[in-house]
Amino acid sequence: MHEKIIILDFGSQTTQLIGRRVRELNTYCEIVPYNKFPFGDESVKGVILSGSPFSVNDADAFKPALDQIRKKYPVLGICYGAQYLAYSSAGKVEKGNSREYGRANLSEIDTTDPLFDGIGIGSQVWMSHGDTITVLPEEFEIIASTSDVKVGAYKVDGEQTWGVQFHPEVTHTLDGTRMLSNFLNICECKRDWSPASFIEATVADLKKTIGDDKVILALSGGVDSSVTAVLLNRAIGKNLTCVFVDHGLLRKNEFENVLKDYEHLGLNVIGVNAKDRFYNALAGVTDPETKRKIIGKGFIDVFDEEAHKLKDIKWLGQGTIYPDIIESLSITGHVIKSHHNVGGLPETMKLKLVEPLRLLFKDEVRRVGLELGMQDHLIKRHPFPGPGLGIRILGDITAQKVEVLQNADDIYIGMLREYKLYDQVWQAGTILLPIKSVGVMGDERTYENTVVLRAVTSTDAMTADWAHLPYDFLAKVSNEIINKVKGVNRVVYDISSKPPATIEWE
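Figured I'd write up the structure that's included with this text. (Residues numbered from 1 in each chain as written. Predicted model: local features only at pLDDT ≥ 70, side-chain atom pairs only at ≥ 80, totals over all residues. Heavy atoms only, no water.)

1. Some remarks on the overall build of the chain
Okay, step 1: Scanning the chain from N- to C-terminus turns up 13 helices and 18 strands.
Okay, step 2: Its C-alpha radius of gyration of 25 Å places the chain within 12% of the 23 Å reference for a compact globule of 506 residues.
Okay, step 3: In the chain, which comprises 506 residues, the share counted as buried stands at 58%.
Okay, step 4: Residue pairs at least 24 apart in sequence account for 74% of intrachain contacts in the chain once pairs closer than 6 positions are excluded.
Okay, step 5: Computed over 57 positive and 68 negative side-chain charges, the inter-centroid distance for the chain is 4 Å. (Helix = DSSP H or I, 4+ residues; strand = E, 2+ residues; numbered from the N terminus. Rg over C-alpha atoms; globule rule 2.2 N^0.38 Å. Buried < 20%, exposed > 50% of the residue type's maximum accessible area, 1.4 Å probe, protein only. Contact = heavy atoms within 4.5 Å. Lys, Arg positive; Asp, Glu negative; His and termini not counted. Charge placed at Lys NZ, Arg CZ, Asp CG, Glu CD.)

As structure tokens, this is what we get:
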């Protein structure tokens with residue numbers, strides 16, 4: 001059993017960043033809702049309290065009891081977490097004279113405190129808060145300040161509890177990783193979390209959980225399902241059957257290319273052509289969530305049917321990863337978007353789920369894949385959503401629209417590879433808009449479709465910036481698409497970042 005840090009999530013946009021930083025320090029961690037602490041788990045070594053969009057003074061703010069956590073584990077409160085620790089100990093938190101947002105510098109530091117070991121006065125931190133701690137409880141001692149924030153950080157006397165008003169997890173806090181590393185030292189963590197240790201532990205767990213049962217796995221050709229397949233294959237070998245479904249929403253020639261890609265992995269793969277089935281189910285449907293649900297249910301139905309053709313299938317394997325879980329099940333109960341792996345599952349599904357990657361971020365999945373010895377082009381492939389082009393065709397879906405988008409996307413992705421730009425972006429794709437615009441080709445007036453080119457840079461898909469692709473490249477792509485794809489007369493480039501925009505349009 002891996003030792004772990006528990007991150008209690010109070011709803012901050014940067015909670016997942018805390019998890020990433022801790023794992024980059026070779027320590028396993030899990031993010032759990034603020035009120036779901038895993039009491040009784042002997043592998044827990046310490047606790048981090050995240051930030052929050054709430055003020056501790058809000059009536060609907062998240063306010064769990066921390067009595068059983070403090071003094072038992074080392075605790076680090078970040079921003080809201082720090083304010084809540086003070087507030088729940090009879091301290092006072094009030095609205096600041098002005099909202100503190102952006103870079104600041106630590107003007108005073110208690111350099112003898114283990115949390116600030118190796119960190120000097122003047123160190124840059126990142127603030128993001130509207131409230132400030134105005135009165136500290138008696139046993140709380142200030143250990144760092146900025147010119148504007150007196151209680152920049154504190155330590156609680158008589159227990160291993162700290163609070164920092166700034167965000168050590170963001171890159172703008174220049175010594176943030178050192179600070180988190182110091183906290184892990186306080187927790188006496190061994191730092192033995194790595195791709196190799198994950199593989200060893202996961203394969204052992206899969207053998208124990210699945211035993212001699214048989215598993216059917218959804219293959220998409222993407223990184224997540226590919227790594228899932230290799231892990232399962234390593235654990236249960238011939239008892240794994242992989243199914244690759246052509247739902248008619250794949251990229252151009254992808255069905256044939258993916259089947260070819262899997263030959264070297266020695267996997268047992270069944271290819272299923274279900275285009276007409278999905279087109280019929282999606283006919284006339286325009287709502288994005290409904291499309292996702294229909295496609296998700298279609299996947300499961302196909303797998304269920306394939307499973308019944310085989311003997312004694314007990315499990316359905318899926319390549320669900322951490323951001324899928326986080327985005328689909330937020331602690332406030334608000335669904336950002338349902339993910340094809342975690343949304344739309346029918347209650348009558350007879351197969352049990354096995355999701356060996358559900359606690360990994362995408363970059364961790366890639367590292368595991370490389371550790372497994374998988375080919376580069378499989379590991380470096382851009383993420384591609386399970387609903388495929390179904391959520392890149394805005395509005396209703398038809399076979400003709402799919403063909404137009406496939407052809408445009410094939411030119412775009414092919415040219416990204418040709419110009420050595422493919423590996424410089426996290427994810428790229430083409431979107432077909434449900435609007436037409438006037439154009440001129442030769443002497444003729446046209447009234448045809450618009451496509452959007454999307455390319456982003458990211459590390460884990462939780463946040464993303466639009467990729468600054470060269471203008472001359474974009475010009476050539478636009479020219480190729482308009483000249484060669486019948487039905488398109490306008491190409492635009494999406495320059496929205498996440499947040500506020502998502503990577504996909506639906």
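After presenting the structure, the write-up continues.
2. A word on the packing of helix α12 (residues 399-418) against helix α13 (residues 471-484)
Okay, step 1: In contact at an axis separation of 9 Å, α12 and α13 are set at 150 degrees when each is read in the N-to-C sense. The angle between the axes of α12 and α13 places the two elements in the roughly antiparallel class. Our pair here, α12 against α13, has a crossing hand that is right-handed. Of the residues in α13, those touching α12 at Ala408, Ile411, Tyr412, Met415 and Leu416 are Phe473, Lys476, Val477, Glu480, Ile481 and Lys484.
Okay, step 2: Partitioned by chemical class, the residues of the contact of α12 with α13 number eight nonpolar, no polar and three charged. (Axes fitted to C-alpha atoms, helices over the stretch in contact; angles between N-to-C directions. Parallel < 35°, antiparallel > 145°, perpendicular 65-115°, else oblique. Left-handed = near helix turned anticlockwise from the far one by under 90°. Nonpolar A, V, L, I, M, F, W, Y, C, P; charged D, E, K, R; others polar.)

3. Thoughts on helix α1 (residues 15-24)
Okay, step 1: Counted residue by residue, α1 has eight buried out of 10 residues, so it is predominantly covered.
Okay, step 2: What α1 keeps buried is the set Thr15, Gln16, Ile18, Gly19, Arg20, Arg21, Val22 and Arg23.
Okay, step 3: In the segment just after α1, Asn26 is the residue with positive phi, at about 60 degrees.

4. Overview of the environment of Leu8
Okay, step 1: Among the structural elements, Leu8 can be located in strand β1 (residues 4-9).
Okay, step 2: A residue is classified by how much of its surface remains accessible, and Leu8, at 1% relative accessible area, is buried.
Okay, step 3: Distance from Leu8 to Asn35, taken between C-alpha atoms, is 7.7 Å for residues 27 residues apart in sequence.
Okay, step 4: In contact with Leu8, not counting residues within four places along its chain, are Val32, Pro33, Tyr34, Phe37, Val47, Ile48, Leu49, Ser50, Leu66 and Ile69.

5. Some thoughts on α13
Okay, step 1: Under the 1.5 Å per step criterion, the end-to-end length of α13 is 20 Å for 14 residues, consistent within 8% with the ideal 20 Å.
Okay, step 2: Considered for burial, the residues of α13 that qualify are Phe473, Leu474, Val477, Ser478 and Ile481. Taken end-on, α13 shows its buried residues confined to a sector of 135 degrees, consistent with a single buried face. Exposed positions of α13 whose direction lies more than 90 degrees from the buried face are Tyr471, Asn483 and Lys484.
Okay, step 3: Buried residues belonging to α13 abut α12, β16 (444-457) and β18 (488-493). (Expected span 1.5 Å × (residues − 1). Arc of directions from axis to C-beta.)

6. Side note on unusual backbone geometry
Most peptide bonds adopt trans geometry, and most residues besides glycine take a negative phi value.
Okay, step 1: Residues Lys498 and Pro499 are joined by a peptide bond in cis, for which omega reads -10 degrees.
Okay, step 2: When you line up the elements, Pro499 lands in the segment after β18.
Okay, step 3: In the segment running from Pro499 into Pro500, the intervening peptide bond is cis, with an omega of 10 degrees.
Okay, step 4: Among the structural elements, Pro500 can be located in the segment after β18.
Okay, step 5: The phi dihedral of Asn253 falls on the positive side, at around 60 degrees, and the residue is not glycine.
Okay, step 6: Since its relative accessible area comes to 47%, Asn253 is described here as partly exposed.
Okay, step 7: We note that Lys420 has phi near 60 degrees; this positive angle belongs to a residue other than glycine.
Okay, step 8: Secondary-structure assignment places Lys420 in the loop between α12 and β15 (427-441).

7. Quick look at the nonpolar core
Okay, step 1: Ranked by size, the top nonpolar core spans 49 residues in total, and within it Tyr412, Leu416, Leu469, Phe473 and Ile481 carry the most contacts.
Okay, step 2: When residues of this core are assigned to their parent elements, the largest contribution, nine residues, is made by α12.
Okay, step 3: If near-sequence neighbours (up to four positions away) are discounted, Phe473 is found in contact with Tyr412, Met415, Leu416, Tyr419 and Leu421.
Okay, step 4: By size, the runner-up hydrophobic cluster in this structure holds 38 residues, among which are Trp193, Ile199, Val258 and Leu265. (Core = buried A, V, L, I, M, F, W, Y, C linked by side-chain atoms within 4.5 Å.)

8. Looking at the packing of aromatic side chains
Okay, step 1: Counted by the stated rule, this structure contains 16 aromatic pairs.
Okay, step 2: Ring geometry for Phe37 and Phe39: centres 4.8 Å apart, planes at 55 degrees, overall tilted.
Okay, step 3: Judged by relative accessible area, Phe37 falls into the buried class, the value being 8%.
Okay, step 4: On the accessibility criterion, Phe39 (45% relative accessible area) is partly exposed.
Okay, step 5: Arg20 extends its terminal NZ or CZ atom over the ring of Phe361, reaching a point 5.8 Å from the ring centre. (Phe/Tyr/Trp six-rings, centres within 6.5 Å; stacked < 30°, edge-to-face > 60°. Lys NZ or Arg CZ within 6 Å of the ring centre and 35° of its normal.)

9. Things to note about the sheet that holds strand β13 (residues 313-317)
Okay, step 1: Spatial ordering of the open sheet is given by β12-β11-β10-β13-β14, a layout of five strands whose pairing is parallel. Each edge of the open sheet is held by one strand with a lone partner, namely β12 (269-273) and β14 (352-354). Shown here is a sheet whose adjacent strand axes are inclined to one another by a mean of 30 degrees, direction ignored.
Okay, step 2: Set on the sheet, helix α8 (residues 288-309) makes contact with β10 (214-219), β11 (240-246), β12 and β13; between it and β11 the angle comes to about 135 degrees. (Pairing = 2+ DSSP bridges.)

10. A look at the pattern of salt bridges
Okay, step 1: Throughout the structure, instances matching the rule amount to 24 salt bridges.
Okay, step 2: Arg70 is the salt-bridge partner of Glu159, the closest N and O atoms lying 3.0 Å from each other. One end of the pair, Glu159, is in the loop between β8 (153-156) and β9 (161-164); the other, Arg70, is in the loop between β3 (44-49) and β4 (75-78), and 89 residues separate them in sequence.
Okay, step 3: Notably, a salt bridge pairs Asp494 with Arg454, separated by 3.2 Å at the nearest N-O pair. Here Arg454 lies in strand β16 and Asp494 lies in the segment after β18, a separation of 40 residues in the sequence.
Okay, step 4: A relative accessible area of 4% means that Arg454 is categorised as buried.
Okay, step 5: Overlapping salt bridges bring together Arg20, Arg21, Glu24, Asp363 and Arg367 as one network. (Salt bridge = Lys/Arg side-chain N within 4 Å of Asp/Glu carboxyl O.)

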